[in-house]
Amino acid sequence: MAGESRSGGDALDPICTTGISFPATVCGYPISIFFIVVNEFCERFSYYGMRAVLVLYFKYFLRWDDDFATTIYHTFVALCYLTPILGAIVADSWLGKFKTIIYLSIVYALGQVILAVSAIHDITDANKDGTPDNMGFHVALSMVGLILIALGTGGIKPCVAAFGGDQFGDHQEKQRSTFFSIFYLSINAGSLLSTVITPILRAQECGIHTQQKCYPLAFGVPAALMVVALIVFIVGSGMYNKTAPQGNIMVKVCRCIGFAIKNRFRHRSSQYPKRAHWMDWAEEKYDKLLIAQVKMVLKVLFLYIPLPMFWGSRWTLQATTMNGDFGILIIQPDQMQTVNPILILILVPIMDSIIYPLIAKCKLNFTPLKRMTVGMFFAALAFVAAALVQIQIDQTLPKFPSSNEGQAKFINMMNKSLPIKAGANQFMLEFLNGFASTVNVTVRNEDFGDIVTNNMSKYIAKILFPKWCFSLCVYNQKFGFGSSYTYIITPTFCQEGIRPVLDIRPNSIHMAWQIPQYFLITAGEVVFSVTGLEFSYSQAPSNMKSVLQAGWLLTVAVGNIIVLIVAEAATLPDQWAEYILFASLLVLVCIIFAIMAYFYTYIDPTKIEAQFAQKEPDEKQKRKSLEMARKDSVEHYKGDRRSSDSSSDSSSDEDDVIQQSKM
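Residues numbered from 1 in each chain as written. Predicted model: local features only at pLDDT ≥ 70, side-chain atom pairs only at ≥ 80, totals over all residues. Heavy atoms only, no water.

K.L.:
Describe the packing of aromatic side chains, naming the residues involved and giving the relevant values.
P.N.:
Under the definition given, this model contains 29 aromatic pairs. Geometrically, the ring pair formed by Tyr-57 and Phe-219 is edge-to-face, given 5.1 Å between the ring centres and 85° between the ring planes. One end of the pair, Tyr-57, is in helix H2 (residues 54-61); the other, Phe-219, is in helix H8 (residues 215-235), and 162 residues separate them in sequence. For the pair shown, Tyr-57 and Phe-219 are each scored as buried. On the basis of an interplanar angle of 90° and a centroid distance of 5.2 Å, the ring pair of Tyr-598 and Phe-599 is categorised as edge-to-face. The exposed category is assigned to Phe-599, whose relative accessible area is 64%. (Phe/Tyr/Trp six-rings, centres within 6.5 Å; stacked < 30°, edge-to-face > 60°. Helix = DSSP H or I, 4+ residues; strand = E, 2+ residues; numbered from the N terminus. Buried < 20%, exposed > 50% of the residue type's maximum accessible area, 1.4 Å probe, protein only.)

This is the structure:
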């Protein structure tokens, strides 16, 4: 940590960053963290805003099919959660957290700008028809932009949280805990606003020659927010407590672990005495401080093994079979996901200011690992709630033909029974005009044209057709979400009217029934994720804070991959059964994690490192003295050999003289 002199005099400036002092505070919190929180809010707005319209951009602008667009989207998201390891290595080993955030934020902002430029269709629209003439150029720009964004957002993810934790001293544990809650709050505030605002920006029309959906604006605003995030972070530069990197620590750690395993394998025989920990077999080559730090990291990473199962819920598809009419507004299925960040904004302050203090007053030892266990249990309950809702939905759904069946519908418009014989062809009729003349169909203000006799129409909301008396006959029908009707028009419709036949009932289960499961999963996330961020920081050695943050984020990537694998491999016929499977796996993982947490011993890395730092000079002195003694013994041994050799030579010479005298 570098010091910085401000004004004259010998007094220590509280803003100066040294090994002893910490930044100036307001209400017990360093001023610097406000810049970090604002930076995180803007960065998350930028990321989630861009991501909200990315699939639509792939499908409607780049003209990719659904499967390919989805594959590229998930590949991009996975890359964003895999690159934190790279950012953590660069931060802890080479540049330090501050410079890593600055440099990778520039890469991030550049990627956002390139993506926004790639969405301008007028760049290659030479004939001004609204369609880019060189789609390969736009695809190439898009991929370059997304790769830079993945490197940027992934690289700074572990550094920002760890850098925020660095702003607090050892005496500010409570404030540091609150900071991680505020930090998580800023993430979800940015996510919520961007997922609401960016689709609105995309819906606007813009262009030089032709008006199209405004993807440049939808990507341009997040790019501007990323530039703002970078500027805000740089403005607070003079107030930060900056921890210097300590060499290529990841290489040292990997070599230390490799040497310990190799050395243990060499001495696997029972004649060698056992050691307290398998990492202690590295003592012959590496100092005890590094070995102790590796032990700390491995203890936490071992705890992370069950955690990936927590991440991932597939409830958007469930919402497509539900009724989203809330009276004053209509909620689309993908908009129900905004319930999660809204509840996070509500629950984080409640947990910090009400729930946790109440638990503390009851003198219950609610440790971080116990909180995380409770969070996983809440997640399991959320999937159980989702399964119960799905069972109710399934009772209202129509029975569709299976993969080896077909469905046909026959409408008898004669006044007698007719025998029906279906041939080899399989077909389905939705709307049939049996009237002797054409029927004009309109949906709101959109005209679908005339439907000729015995032909089918699309789903309709309003039907207009002429009477024999040339007056207008209007039929109105209100559709519900997911409903399907067949309308029968007979030659006597003026007297009898149109006869509607309900094929598929409207969705009768309201989307509001998803709120309990969202509440449970969000409560679990608040208890689990916020605590996990804090735990990862508090149990990490000083030179590997970012590495453990990256390890925590890696559980998110692995969790999403596991969800996809389980969903594909299980091939369960009913959706509720899949939810129960996830709930069961979460309960199993929760039990395993609780057992692992029970045997975990909390440590204070600062104290341990301080103890080894005090011992280190003595250890080095001992090593020096041992090396000197070894050198002296070697030199003494060589000297003895030389003297013995010289004495033997002289004795042989004397023997020769005696021999000659005798002769």
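K.L.:
Just give me the short version of the packing of helix H7 (residues 173-203) against H8, but keep the residues and values in it.
P.N.:
Two measures define how a pair of helices packs: the angle their axes make with one another and the distance between the axes. Remark: H7 packs on H8, axes separated minimally by 6 Å, with the N-to-C direction vectors making an angle of 145°. The handedness of the crossing between H7 and H8 comes out as right-handed. Residue-level contacts link Thr-198, Leu-201 and Arg-202 of H7 to Tyr-215, Leu-217, Ala-218 and Val-221 of H8. Per-class residue counts for the contact of H7 with H8 are five nonpolar, one polar and one charged. (Axes fitted to C-alpha atoms, helices over the stretch in contact; angles between N-to-C directions. Left-handed = near helix turned anticlockwise from the far one by under 90°. Contact = heavy atoms within 4.5 Å. Nonpolar A, V, L, I, M, F, W, Y, C, P; charged D, E, K, R; others polar.)

K.L.:
Give me the lowdown on the side chain of Ser-105, citing residues and values where you can.
P.N.:
With respect to the secondary-structure elements, Ser-105 resides in helix H5 (residues 97-118). Residue classification places Ser-105 among the buried residues on the basis of a relative accessible area of 2%. In contact with Ser-105, not counting residues within four places along its chain, are Thr-100, Ile-156, Met-226 and Leu-230.

K.L.:
Quick rundown of helix H17 (residues 575-598)? Include the residues and the values.
P.N.:
Its 24 residues give H17 an end-to-end C-alpha distance of 35 Å, which sits within 8% of 34 Å, the value for a rise of 1.5 Å per residue. Regarding H17, the residues found buried are Ala-577, Glu-578, Tyr-579, Phe-582, Ala-583, Leu-586, Val-589, Cys-590, Phe-593, Met-596 and Ala-597. (Expected span 1.5 Å × (residues − 1).)

K.L.:
How would you sum up the pattern of salt bridges? Please name residues and give values.
P.N.:
For the structure on display, the rule yields six salt bridges. The closest approach of N and O atoms between Lys-97 and Asp-166, which form a salt bridge, is 2.9 Å. Of this pair, Lys-97 sits in helix H5 while Asp-166 sits in helix H6 (residues 135-166); the two residues are 69 residues apart in sequence, bridging distant segments of the chain. Both residues of the pair, Lys-97 and Asp-166, belong to the buried class. Glu-284 serves as the salt-bridge partner of Arg-275, at 2.6 Å between the closest nitrogen and oxygen. You can call Arg-275 partly exposed: its relative accessible area is 31%. Residue classification places Glu-284 among the partly exposed positions, given a relative accessible area of 49%. Through salt bridges with shared partners, a single ionic network connects Glu-40, Glu-43 and Arg-44. (Salt bridge = Lys/Arg side-chain N within 4 Å of Asp/Glu carboxyl O.)

K.L.:
Report on the state of the cysteines, specifying residues and quantitative values.
P.N.:
The tally for this structure, following the rule as stated, stands at one disulfide. With its sulfur 2.0 Å from that of its partner, Cys-206 forms a disulfide with Cys-214. When the S-S torsion is 105°, as for the bridge of Cys-206 with Cys-214, the disulfide is right-handed. With no disulfide of its own, Cys-256 lies 10.0 Å from the sulfur of Cys-254, the closest cysteine sulfur. Accessibility expressed as a relative area gives 0% for Cys-256, which makes it buried. (Disulfide = S-S within 2.5 Å.)

K.L.:
Explain the nonpolar core to me, and be specific about the residues and the numbers.
P.N.:
Residues Tyr-47, Met-50, Leu-54, Tyr-57, Phe-58, Phe-76 and Phe-219 are the most contacted members of the largest nonpolar core, which totals 137 residues. For this core, the element with the highest residue contribution is helix H13 (residues 368-396), accounting for twelve residues. Among the domains, domain 1 (26-245) and domain 2 (306-396 + 512-622) are the pair contributing at least three residues each to this core. Each residue touching Phe-219, except ones within four places of it in the same chain, is listed here: Met-50, Val-53, Leu-54, Tyr-57, Gln-112, Leu-115, Ala-116 and Ala-119. (Core = buried A, V, L, I, M, F, W, Y, C linked by side-chain atoms within 4.5 Å. Domains from an automatic or database assignment.)

K.L.:
I'd like to hear about a positive patch on the surface, residue by residue, with values.
P.N.:
Side chains of Arg-255, Lys-262, Arg-266 and Lys-285 sit close together on the surface and give a patch of like positive charge. The residue Arg-266 is located in helix H9 (residues 249-266) in this model. Judged by its relative accessible area of 52%, Arg-266 is exposed. (Patch = residues over 30% accessible without salt bridge, like charges linked within 9 Å, V, L, I, M, F, W, Y side chains within 5 Å. Areas by Shrake-Rupley, 256 points an atom, 1.4 Å probe, with all protein chains shown as cover. Lys, Arg positive; Asp, Glu negative; His and termini not counted. Charge placed at Lys NZ, Arg CZ, Asp CG, Glu CD.)

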